[in-house]
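Topology and contacts: notes
So the chains spell out like this:
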Amino acid sequence: MTRTTAAQDGAGIAEAPPAVALRGATAALGGRPVLRGVDLTVGRGETVALLGANGSGKSTTIRAVLGQVPLTGGELELFGTPFARFRDWHRLGYVPQRSTAAAGVPATVREVVSAGRLARRRFRPLGREDKAAVRHALELVGMAERMRDPVEALSGGQHQRVLIARALVAEPELLIMDEPLAGVDVANQEVLADTLRQQVERGTSVLLVLHELGPLAPLIDHAVVLREGQVEWVDNPDRLHDLACHPHGSVPAAEAAPKIETGLFS
Ligand SMILES: Nc1ncnc2c1ncn2[C@@H]1O[C@H](COP(=O)(O)OP(=O)(O)OP(=O)(O)O)[C@@H](O)[C@H]1O
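Residues numbered from 1 in each chain as written. Predicted model: local features only at pLDDT ≥ 70, side-chain atom pairs only at ≥ 80, totals over all residues. Heavy atoms only, no water.

Attention now goes to the pattern of salt bridges. A full pass over the atoms with the stated rule returns 11 salt bridges. The shortest N-O distance in the salt bridge between Arg197 and Glu201 comes to 3.0 Å. Placement of the pair is Arg197 and Glu201 together in helix α6 (residues 186-201), with a separation of four residues, close to one helical turn. Relative accessible area serves as the criterion here: at 32%, Arg197 is assigned to the partly exposed category. By relative accessible area, Glu201 is classed as partly exposed at 42%. Salt bridges here are not isolated pairs; linked through shared partners, they connect Arg23, Glu75 and Glu77. (Salt bridge = Lys/Arg side-chain N within 4 Å of Asp/Glu carboxyl O. Helix = DSSP H or I, 4+ residues; strand = E, 2+ residues; numbered from the N terminus. Buried < 20%, exposed > 50% of the residue type's maximum accessible area, 1.4 Å probe, protein only.)

Following this line, the structure appears as structure tokens:
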């Protein structure tokens with residue numbers, strides 16, 4: 001579902017280098033190899049889902065893209081710039097896995113989301129336009145009414161929606177999300193899917209870790225399945241949908257590919 005806006009067409013976005021180009025990436029954690037030659041490309045305006053069993057290396061892959069886990073081998077380019085020379089971090093928005101998100105930080109919902117705007121403002125004080133953007137981002141995730149509340153007073157799913165607003169408020173060109181729907185109820189998953197669809201229509205590139213495609217399925221251009229730190233397969237998400245709906249081999253034979261044990265949907 002690659003889309004280009006009129007402005008981007010004018011800028012020749014179709015020829016622009018991909019938002020993310022990871023080639024042959026290797027990385028180790030605790031002395032153990034965790035990524036073992038991962039290739040991953042997120043083209044401009046593309047939405048790519050990273051899937052796979054627990055421990056297959058999904059979070060490590062996106063943390064490597066963000067520079068939080070150093071590569072021991074391979075290459076990474078962001079928007080066509082080699083990682084070592086990349087400085088435009090304001091072009092990226094990140095929603096971390098919920099369990100690792102700023103728990104225990106004494107801040108209001110508005111302060112947390114405003115922090116997402118600061119990088120875009122290069123840490124100058126926020127103006128009226130920024131404050132309106134903060135409110136708008138909170139409206140997008142249905143949390144505007146909780147603006148003055150301490151984040152500690154939020155439920156897990158509400159906290160997650162605030163972290164998504166924090167990423168959106170920076171109007172990033174590349175949105176990286178680690179299990180953004182974890183702990184979010186079905187109604188709000190639909191709201192978030194709609195919000196993400198609007199971002200994608202504006203030309204935002206998206207890389208997200210998912211355990212289930214859920215309401216995000218229609219947005220996804222490519223699904224990349226990891227297994228033990230390697231890309232096991234890359235597919236059209238329709239095929240994953242078939243596997244999810246026909247887990248016991250009832251996919252029509254003509255469509256059925258060789259059985260692949262991904263750890264998905266089990
Ligand atoms: N800080 C760490 N030190 C040592 N090993 C780690 C560390 N973080 C992750 N690992 C290991 O790296 C491997 C990949 O972990 P990662 O978090 O990337 O998996 P994941 O696919 O995101 O899993 P999940 O679906 O459970 O979130 C796992 O075997 C994990 O135990």
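Any pair of aromatic rings gets described here by the distance separating the centres and the angle formed by the planes. Evaluation of the coordinates by the stated rule reveals three aromatic pairs. On the basis of an interplanar angle of 70° and a centroid distance of 5.9 Å, the ring pair of Phe83 and Trp89 is categorised as edge-to-face. In this structure Trp89 comes out as partly exposed when scored by relative accessible area, which is 33%. Between Phe86 and Trp89 the ring centres are 5.0 Å apart and the planes differ by 85°, which places this aromatic pair in the edge-to-face class. Connected via pairs of aromatic rings, a cluster forms that spans Phe79, Phe83, Phe86 and Trp89. (Phe/Tyr/Trp six-rings, centres within 6.5 Å; stacked < 30°, edge-to-face > 60°.)

Most of helix α2 (residues 58-65) is tucked away: six of the eight residues are buried. Taken together, the buried positions of α2 are occupied by Lys58, Thr60, Thr61, Ile62, Ala64 and Val65. Note on α2: the residue one or two positions beyond its end, Gly67, has a positive phi of about 80°.

All right, on to the packing of helix α3 (residues 109-118) against helix α4 (residues 128-140) then. One can describe the packing of α3 onto α4 by two numbers: an axis separation of 10 Å at closest approach and a directional angle of 115°. Both α3 and α4 take part in a crossing whose hand is right-handed. In this structure, α3 contributes Val109, Arg110, Val113, Ser114 and Arg117 to the contact, and α4 contributes Glu129, Asp130, Ala133, Val134, Ala137 and Leu138. Residues that form the contact of α3 with α4 fall into these classes: six nonpolar, one polar and four charged. (Axes fitted to C-alpha atoms, helices over the stretch in contact; angles between N-to-C directions. Left-handed = near helix turned anticlockwise from the far one by under 90°. Contact = heavy atoms within 4.5 Å. Nonpolar A, V, L, I, M, F, W, Y, C, P; charged D, E, K, R; others polar.)

This next bit is on the confidence of the model for the protein. Of all residues in the protein, 78% have pLDDT values of 70 or greater, and the mean over the chain is 82. Per-residue pLDDT stays below 50 along residues 2-11; that stretch engages in 18 contacts with residues further than four places along the chain or on separate chains. (pLDDT = per-residue confidence, 0-100.)

Our next topic: unusual backbone geometry. Positioned with a positive phi, Phe79 is a non-glycine residue whose angle comes to about 50°. Take Phe79: it is sitting in the loop between β4 (73-78) and β5 (81-82). Note on Phe79: relative accessible area 6%, which makes it buried. In this structure, Glu228 takes a positive phi of about 50° despite not being glycine. In this fold, Glu228 is placed in the loop between β9 (222-227) and β10 (230-235).

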